[in-house]
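Overview (structure and organization)
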Amino acid sequence: MIRAVDRVALGVVGLVLVVVGGAVLAVGLGVSPPSWWIHDGPRDVLLSTAERTRWRDETWWWPAVIAVLALLVLLALWWLIAVLRRRRLGEVLVDTGDGAGALLRGRALEGVLATEAARLDGVSHAHARLTGRRHAPEARVRLLLEPHVDPAEVLADLTTESLAHARDSAALETLPAEVRLRTARHRAERVS
């Protein structure tokens, strides 16, 4: 979704800039503009003094300008964050041995990996995400551990069971993984 919004937004902004810039350049070079165009000739300015000061005395003008600019800044920040964050892997390329290969949905593999990890002893919740390239995926696994569980045992079980099954089922040579472990909060036990 973000990728599509990103491409459409960049395409629209680029098209507007090219059209307006090309039109201003053409008028500056002497092409006669249509009657509705904002420039009349090469010596014309973008905003005249009357246009710049027209709304200055209205009480709604400056709050409206500030609100529009704030909205533009928030949209630009949202877009920047969406572009910079790591993207989820949509497909994994599975080698079928015949040279053609097959595509496995990344979310399907994530779901299976998270379900298997959640079934491990001592894990109360698991979340998996695939990143990287489709022929060399990487896993990011977050586990919420139950109290009094040895994290080393859970990590060993995750490596030998869940990650190994995911690697083997997708016919991958390796499946590098970043695992984040967190312990579930619990009330202090009463000692008597």
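Presented here is an overview of the structure given in this document. (Residues numbered from 1 in each chain as written. Predicted model: local features only at pLDDT ≥ 70, side-chain atom pairs only at ≥ 80, totals over all residues. Heavy atoms only, no water.)

Let us look at the overall build of the chain. Looking only at helices and strands, the chain has 5 helices and 5 strands in total. Secondary structure elements in the chain, listed N-terminal to C-terminal, are α-α-α-β-β-α-β-β-α-β. For the chain, whose C-alpha radius of gyration is 28 Å, the value lies well above the compact-globule estimate of 16 Å for 192 residues. Looking at the chain as a whole, 19% of its 192 residues are labelled buried. Accessible surface computed for the chain: about 14,500 Å², of which carbon and sulfur atoms make up 60%. (Helix = DSSP H or I, 4+ residues; strand = E, 2+ residues; numbered from the N terminus. Rg over C-alpha atoms; globule rule 2.2 N^0.38 Å. Buried < 20%, exposed > 50% of the residue type's maximum accessible area, 1.4 Å probe, protein only. Areas by Shrake-Rupley, 256 points an atom, 1.4 Å probe, with all protein chains shown as cover.)

Further remarks concern the packing of aromatic side chains. All told, the structure shown has 4 aromatic pairs when counted by the stated rule. Their ring planes at 55° and their centres at 5.5 Å tell us that Trp55 and Trp60 sit as a pair that is tilted. Looking at Trp55, the relative accessible area reads 31%, which means it is partly exposed. Grouping aromatic residues by their ring pairs yields a cluster made of Trp55, Trp60, Trp61 and Trp62. (Phe/Tyr/Trp six-rings, centres within 6.5 Å; stacked < 30°, edge-to-face > 60°.)

As a further point, take the nonpolar core. With 23 residues, the main nonpolar core has Val92, Leu113, Val123, Ala139, Val141, Leu143 and Leu158 as its most contacted residues. Elements that contribute at least two residues to this core include exactly strand S1 (91-94), helix H4 (106-118), strand S3 (123-133), strand S4 (136-145) and helix H5 (151-169). Once residues lying within four places of it in the same chain are set aside, the contact partners of Leu143 are Ala117, Val123, His125, Ala126, Val154, Leu158, Val179, Arg180, Leu181 and Arg182. (Core = buried A, V, L, I, M, F, W, Y, C linked by side-chain atoms within 4.5 Å. Contact = heavy atoms within 4.5 Å.)

A few words on the sheet that holds S3. Taken together, the 3 strands give an open sheet; going across it, the order is S3-S4-S5, and neighbouring strands pair in mixed fashion. With one partner strand each, in any of the chains shown, S3 and strand S5 (177-183) form the two edges of the open sheet. Ignoring strand direction, the axes of neighbouring strands in this sheet form an average angle of 15°. Note that S4 and S5 share 7 bridges and pair parallel. Paired with Val141 across the strands is Val179, a residue of S5. (Pairing = 2+ DSSP bridges. Axes fitted to C-alpha atoms, helices over the stretch in contact; angles between N-to-C directions.)

Looking at where Leu93 falls in the secondary structure, it is placed in strand S1. You can call Leu93 partly exposed: its relative accessible area is 34%. As for Leu93 and Arg140, which are separated by 47 residues in sequence, their C-alpha atoms are 18 Å apart. Setting aside residues no more than four positions away along its own chain, Leu93 makes contact with Ala102, Leu103, Arg134, His135 and Leu172.

On to the pairing of S4. Each regular strand displays side chains that alternate between the two surfaces of the sheet. A one-sided burial pattern is seen for S4, the buried positions being Pro137, Ala139, Val141, Leu143 and Leu145 and the unburied ones Ala136, Glu138, Arg140, Arg142 and Leu144. Where S3 and S4 come together, 10 bridges link them in antiparallel fashion. Within S4, the residue paired with Gly132 across the bridge is Pro137. Joining the antiparallel neighbours S3 and S4 is a turn of 2 residues.

Across the interface, H4 lies against H5 with an axial gap of 10 Å and an inter-helix angle of 160°. In this view, H4 runs roughly antiparallel relative to H5, as classed from their interaxial angle. In this structure, H4 meets H5 at a crossing whose hand is right-handed. Each of Leu109, Leu113, Glu116 and Ala117 in H4 lies in contact with H5, whose residues at this interface are Leu158, Glu161, Ser162, Leu163, His165, Ala166 and Ser169. Grouping the amino acids of the contact of H4 with H5 by side-chain chemistry returns 6 nonpolar, 3 polar and 2 charged. (Parallel < 35°, antiparallel > 145°, perpendicular 65-115°, else oblique. Left-handed = near helix turned anticlockwise from the far one by under 90°. Nonpolar A, V, L, I, M, F, W, Y, C, P; charged D, E, K, R; others polar.)

So far we have only geometry, and geometry alone does not tell us how the molecule works.
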